[in-house]
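Understanding the architecture of this molecule
One-letter residues, chain by chain:
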Amino acid sequence: MRKFGLIGYPLSHSFSPAFFAEKFKREGHSDCVYEAFPIKSIDEFQSLLTNNPELEGLNVTIPYKKDVFPFLQNFTEAVEKTGACNCIKIKEGKLTGYNTDVIGFEKSLLPNLTTAHTHALILGTGGAAAAVEFVLKKLGIQFLFVSRISKPGSSCLTYDEVTREIVNKYKLIINTTPLGMYPVVNSCPGIPYEHLGKEHYLYDLVYNPEQTLFLKKGAEKGAITKNGSDMLIIQAEESWKIWNEDTTP
Ligand SMILES: NC(=O)c1ccc[n+]([C@@H]2O[C@H](COP(=O)([O-])OP(=O)(O)OC[C@H]3O[C@@H](n4cnc5c(N)ncnc54)[C@H](OP(=O)(O)O)[C@@H]3O)[C@@H](O)[C@H]2O)c1
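All values derive from a computational prediction rather than experimental measurement. (Residues numbered from 1 in each chain as written. Predicted model: local features only at pLDDT ≥ 70, side-chain atom pairs only at ≥ 80, totals over all residues. Heavy atoms only, no water.)

1. Focus: the nonpolar core
In this structure, Phe-105, Leu-136, Leu-172, Ile-174 and Tyr-203 are the most contacted members of the largest nonpolar core, which totals 22 residues. Contributions of two or more residues to this core are made by helix 4 (100-109), strand 7 (119-123), helix 5 (127-139), strand 8 (142-147), strand 10 (172-175) and strand 11 (201-204). Counting residues per element, this core draws most heavily on helix 5, at 6 residues. The residues contacting Leu-172, other than those within four sequence positions of it, are Leu-109, Leu-113, His-117, His-119, Ala-120, Leu-121, Leu-136, Ile-141 and Tyr-201. (Core = buried A, V, L, I, M, F, W, Y, C linked by side-chain atoms within 4.5 Å. Buried < 20%, exposed > 50% of the residue type's maximum accessible area, 1.4 Å probe, protein only. Helix = DSSP H or I, 4+ residues; strand = E, 2+ residues; numbered from the N terminus. Contact = heavy atoms within 4.5 Å.)

Here is the structure:
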């Protein structure tokens, strides 16, 4: 049996186990299983590997995206630059780390990108924001972060500093905060939505609900909008590709 899985804690609301169970059934991978491993501490990781020698791949979620680094023999540039690993390939006892947030975000962002989107605002400064930063740098899109915390001298604004001029120039706006996520659906990042127009592209990493308040306010001004559900699915498919391809970084 080929074994794959997910480590994190807690894992009760995770997307991946149901996604892979359905995928294996639909595509006839009857020799594959996908298991959730809700480990309470990273100290349990080595024994998990030892007790599951048939493991070929793992997804990694909160809070272990950094904690798995000492176990990796190799990792991609995206893992190094973002400081986060959310996918591991295991081959001949060696662990290689990947960041599929980066791949999922880039592939899902590109179809709606136009020449108007030369400048971007990244709302939030957490783990997902680092993946977004990596992709924007790769695509040559200039960006500023927007944070609740003032960071003088950095390329980071506070929400109060997002003026009409800023919004007119930074036409791609990406929400990497959890604001608007179920069940607190009536919240959204505090940007001046009244200055948005049809050249703006609002991308929300949140995917539940389908249309967050952030996206609704953008759509009301004619902006292009996109939620995080494609990113989520692309990431999962990308893990499968990584676990099955021969190449390493
Ligand atoms: N679609 C996908 O595939 C996908 C993938 C990864 C993540 N996500 C989603 O992206 C979101 C962020 O994930 P993450 O791992 O980056 O989380 P995180 O590390 O906790 O970072 C979120 C950032 O949002 C800001 N923030 C947090 N609470 C806030 C609040 N109440 N008001 C305003 N800003 C707030 C903070 O930045 P400041 O302190 O600088 O304000 C924080 O660093 C989550 O909703 C997650 O589900 C989706």
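We are not done yet, so read on.
2. Some details on the sheet that holds strand 1 (residues 2-8)
As summarised here, the arrangement of the 6 strands in space is 2-1-3-5-6-4, forming an open sheet in which the pairing is mixed. Strands at the two margins of the open sheet, each flanked by one partner only, are strand 2 (32-38) and strand 4 (74-75). Relative to strand 6 (residues 94-98), strand 4 is paired through 2 bridges, and the arrangement is parallel. Residue pairing in the sheet places Phe-75 in a bridge with Gly-97 of strand 6. Packing of helix 1 (residues 16-27) onto the sheet brings it into contact with strand 1, strand 2 and strand 3 (55-60), and relative to strand 2 it is tilted by some 170°. (Pairing = 2+ DSSP bridges. Axes fitted to C-alpha atoms, helices over the stretch in contact; angles between N-to-C directions.)

3. Points about helix 4
One turn of the α-helix equals 3.6 residues, which is why residues spaced by three or four share an orientation. Most of helix 4 is tucked away: 8 of the 10 residues are buried. Among the residues of helix 4, those classed as buried are Thr-100, Asp-101, Val-102, Gly-104, Phe-105, Glu-106, Ser-108 and Leu-109. Of the residues that open helix 4, the one with a side-chain oxygen 2.9 Å from the backbone nitrogen of Asp-101 is Asn-99. (Polar contact = N/O pair within 3.5 Å; in protein donor to acceptor, adjacent residues only side chain to side chain.)

4. Quick look at the sheet that holds strand 7
Pairing in this open sheet of 6 strands is parallel, and the strands run 9-8-7-10-11-12 from one edge to the other. Every other strand in the sheet has two partners, leaving strand 9 (156-158) and strand 12 (224-226) as the edge strands with one partner each. Direction aside, neighbouring strands of the sheet carry axes that sit 20° apart on average. Sheet strands in contact with helix 4 are strand 10, strand 11 and strand 12, and its direction is about 150° off that of strand 11. Packed onto the sheet, helix 7 (residues 213-220) meets strand 7, strand 10, strand 11 and strand 12 and runs at close to 165° relative to strand 11.

5. Quick word on the pattern of salt bridges
Tallying each qualifying case throughout the model produces 17 salt bridges. A salt bridge links Lys-23 to Glu-237; the nearest nitrogen and oxygen atoms lie 2.8 Å apart. Of this pair, Lys-23 sits in helix 1 while Glu-237 is found in helix 8 (residues 229-244), placing the two residues 214 residues apart along the sequence. Assessed through its relative accessible area of 2%, Lys-23 is described here as buried. (Salt bridge = Lys/Arg side-chain N within 4 Å of Asp/Glu carboxyl O.)

6. Considering the packing of aromatic side chains
Each aromatic ring pair is specified by the distance between its two centres and by the angle formed by the two planes. Scanning the entire structure with this criterion turns up 15 aromatic pairs. Note on Phe-20 and Phe-24: the rings are 5.8 Å apart at their centroids and 50° apart in plane angle, and the pair reads as tilted. Taken together, the residues span about one helical turn, with Phe-20 and Phe-24 both in helix 1 at a distance of 4 residues. Exposure class is identical for Phe-20 and Phe-24. Each is buried. Between the aromatic rings of Phe-24 and Trp-240, the centroid separation amounts to 5.3 Å while the plane-to-plane angle is 55°, which identifies the pairing as tilted. With a gap of 216 residues between them, Phe-24 in helix 1 and Trp-240 in helix 8 connect regions that are remote in the sequence. Here the two residues Phe-24 and Trp-240 agree in accessibility, since each one is buried. Pairwise contacts between aromatic rings join Phe-4, Phe-15, Phe-19, Phe-20, Phe-24, Tyr-34, Trp-240 and Trp-243 into one cluster. (Phe/Tyr/Trp six-rings, centres within 6.5 Å; stacked < 30°, edge-to-face > 60°.)

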